[in-house]
Amino acid sequence: MSTILADLNYWVTVFLLVGGLYIVVAHGNMIKKLVGLSIFQTSVYLLFISPGKILGGTAPILDDKYTLYSNPLPHVLILTAIVVGVATIALGLALVVRIHESYGTIEDDDLTDLESDT
Amino acid sequence: MMRDTIILRVVVKLLLPAILIFALYVQFHGDYGPGGGFQAGVAAAAAIILYGMIFGIPAAKQVVPPSVVFVMIPLGVLIYAGTGVAGLLLGDNFLDYSPLGSKPVYGQHLGILIVEFGVLVTVSSTMLAIFYAFGGRADEADAAEEARKDGEGGS
Amino acid sequence: MVVTVIGIIRAHNLFAVVMLGGVYSFLMATVLVILDAVDVSMTEAAVGAGISSVLLLAVLHLVRMREAPLRHTPVIPMIVCLLTGGALVYGTVDLPPFGEAGGPQNQHVAPYYIENAEHETHSPNIVTAVLASYRGYDTLGEVTVIFTAGIGVLVLLAARRRREDDEDEQKGGAA
């Protein structure tokens, strides 16, 4: 039981990661793939931040009332990662818009058919 | 873009200054509480995006013209890099803020403030420019569809 | 969050997918607050549930709202994902258990930041101090990435839509 509670955050992270990966790989619609990609990225945030948490600590903002702080280093790295993630999503969506205008569809299978026809 | 929205219009007009002041608060209190440049930039952009969603993108483009946005995008990067180069010119390493103030501690604090301001400018203007780009496409698509329907219905 | 992800996998209506994505971002922000990452949670809530959802809805307005059903059952991707998940779970057995202060990730650099950030940079928020001062070079790179993404989107979406009828081209050219 203690093993389950001690490792639960990792299992949830792995499930979210695999779920996001499955959406990207298995589904054909590009918007759903982008949502799956963002799920994949958020699972990585959990992967970095959950080992930094110390039970009984508090947020890493210095105050006289507290002595134990959680690890601030993952927060810094993930802050960068979040904004880079949204930049990726924005560029991906711009590409989706242009693909839709050029080909009329955003499904993977339809695009493969169109490419093999021409 | 939206029709029966009197409640939304009134509420957005009330909320808009509150969101902008909250964004500025988060920016300048990034040192003493949670916050900083990125959160403030996204919140400020979200305020103008909300205005654009309710009142239409031409109205939002009147409030913050696209030319201003396009100037602001590289300006934040320049402010950030400029602070780093200033540290280089004053004798220390690149992006070392110590020579900017009378004591190294004050230099660091000033450097952090300027750098976070640069981040705020770039993040908010980039998010707003992306919204203008997508929304402009949607407006063109809407206008084309209405023109096509008018053409089919009239002739 | 697990339930939300399962919902996203099963949903076919893209509007539902986007809304569930927003719900997922809010739940992630709540979990991050519980994990003491307040700066990260604020950014994730603003960016994930705000900007991402707005942009996805804007694109959804331009394309169709339903997803076409899959043409073949995704057996191979499911097997690959399960194998990857199994390998990852096997890898997490050695990771330090949740919430303890003794693991190696908390030992080397973090105590230095916690002890020295206040008196070297005069700001109680350690995350901002590390982000802007100790690791300022990474933040410069990040601002450059945002700048590049903005320029990329503007380049991709700046050209006017190409039409088939001539009067629309004239209207687009004159406007």
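Report on the accompanying structure. (Residues numbered from 1 in each chain as written. Chains lettered and ligands numbered in written order. Predicted model: local features only at pLDDT ≥ 70, side-chain atom pairs only at ≥ 80, totals over all residues.)

1. Details of the overall build of chain B
Counting secondary structure elements, chain B contains 5 helices and 0 strands. Each helix (α) and strand (β) of chain B, taken in turn from the N terminus, gives the series α-α-α-α-α. In chain B, buried positions account for 39% of the 155 residues. (Helix = DSSP H or I, 4+ residues; strand = E, 2+ residues; numbered from the N terminus. Buried ≥ 20, exposed ≤ 12 C-beta atoms within 10 Å, placed from the backbone.)

2. A word on the packing of helix α2 (residues 37-55) of chain B against helix α3 (residues 38-62) of chain C
Where α2(B) contacts α3(C), the axes come no closer than 9 Å and their chain directions differ by 30°. For the element pair α2(B) and α3(C), the recorded crossing hand is left-handed. Together, Phe38(B), Gln39(B), Val42(B), Ala43(B), Ala46(B) and Ile49(B) of α2(B) and Met42(C), Thr43(C), Ala46(C), Val47(C), Gly50(C), Ile51(C) and Val54(C) of α3(C) make up the contact between the two elements. Its residues placed into classes, the contact of α2(B) with α3(C) shows 10 nonpolar, 3 polar and no charged. (Axes fitted to C-alpha atoms, helices over the stretch in contact; angles between N-to-C directions. Left-handed = near helix turned anticlockwise from the far one by under 90°. Contact = placed C-beta atoms within 7 Å. Nonpolar A, V, L, I, M, F, W, Y, C, P; charged D, E, K, R; others polar.)

3. Thoughts on the interface of chain A and chain C
Contact residues are listed per partner, giving 68 residues for chain A and 73 residues for chain C. Every element with two or more residues in the side of chain A that touches chain C is listed here: α1 (2-26), α2 (30-49) and α3 (73-103) of chain A. When residues in the side of chain A that touches chain C are grouped by element, the largest group, 22 residues, is from α3(A). Counted by class, the side of chain A that touches chain C contains 45 nonpolar, 15 polar and 8 charged residues.

4. Remarks on the interface of chain A and chain B
Chain A puts 5 residues into the contact, and the matching count from chain B is 5 residues. A per-class count over the side of chain A that touches chain B returns 5 nonpolar, no polar and no charged.

5. Here's the deal with unusual backbone geometry
Within the chain, Asp36(C) stands out as a residue other than glycine whose phi angle is a positive 70°. Along the chain, the position of Asp36(C) falls in the loop between α2 (14-34) and α3.

6. Brief notes about the environment of Thr83(B)
Residues and elements named next belong to chain B. Residue placement: Thr83 occurs in helix α4 (residues 66-89). Overall, Thr83 belongs to the buried group, with 25 C-beta atoms counted inside 10 Å. Put simply, Thr83 and Ile114 are 31 residues apart on the chain and 7.5 Å apart in space, counted from C-alpha to C-alpha. Aside from chain neighbours lying at most four places away, what touches Thr83 is Gly111, Ile114 and Val115.

7. Observations concerning helix α1 (residues 6-28) of chain B
Residue and element names in this part refer to chain B. For α1, spanning 23 residues, the distance from its first C-alpha to its last is 34 Å, which sits close to the expected 33 Å at 1.5 Å a residue. In α1, a bend of some 30° at Leu15 exceeds every other bend along the element, and Pro17, a proline, comes one to four places later. What α1 keeps buried is the set Ala23, Val26 and Gln27. (Expected span 1.5 Å × (residues − 1). Bend = angle between axes of the 7 residues up to and from the residue.)

8. Considering the packing of α1(B) against α2(B)
All names here are of chain B. Where α1 contacts α2, the axes come no closer than 8 Å and their chain directions differ by 165°. With respect to their mutual orientation, α1 and α2 come out roughly antiparallel. Classified by chirality, the crossing of α2 by α1 is left-handed. For the pair α1 and α2, the contacting residues are Leu8, Arg9, Val12, Leu16, Ile19, Leu20, Phe22, Ala23, Leu24, Val26 and Gln27 in the first and Gly37, Gln39, Ala40, Ala43, Ala44, Ala46, Ala47, Leu50, Tyr51 and Ile54 in the second. The class makeup of the residues in the contact of α1 with α2 is 17 nonpolar, 3 polar and 1 charged. (Parallel < 35°, antiparallel > 145°, perpendicular 65-115°, else oblique.)

9. A closer look at the environment of Ala47(B)
All names here are of chain B. Tracing the backbone through its elements, the reader meets Ala47 in helix α2. Judged by local crowding, Ala47 falls into the buried class, with 21 C-beta atoms found within 10 Å. A C-alpha to C-alpha distance of 6.5 Å links Ala47 and Leu20, two positions 27 residues apart in sequence. In contact with Ala47, not counting residues within four places along its chain, are Leu16, Ile19, Leu20 and Ala23.

10. Some words on the nonpolar core
Formed by 112 residues in total, the largest nonpolar core has its most connected members in Ala90(A), Leu93(A), Val42(B), Leu55(C) and Val130(C). When residues of this core are assigned to domains, at least three map to each of domain 1 (1-67) and domain 2 (106-175) of chain C. Look past the residues within four positions of Leu55(C) in its chain and what remains in contact with it is Ile89(A), Ala90(A), Leu93(A), Ile130(B) and Phe134(B). (Core = buried A, V, L, I, M, F, W, Y, C linked by C-beta atoms within 7 Å. Domains from an automatic or database assignment.)

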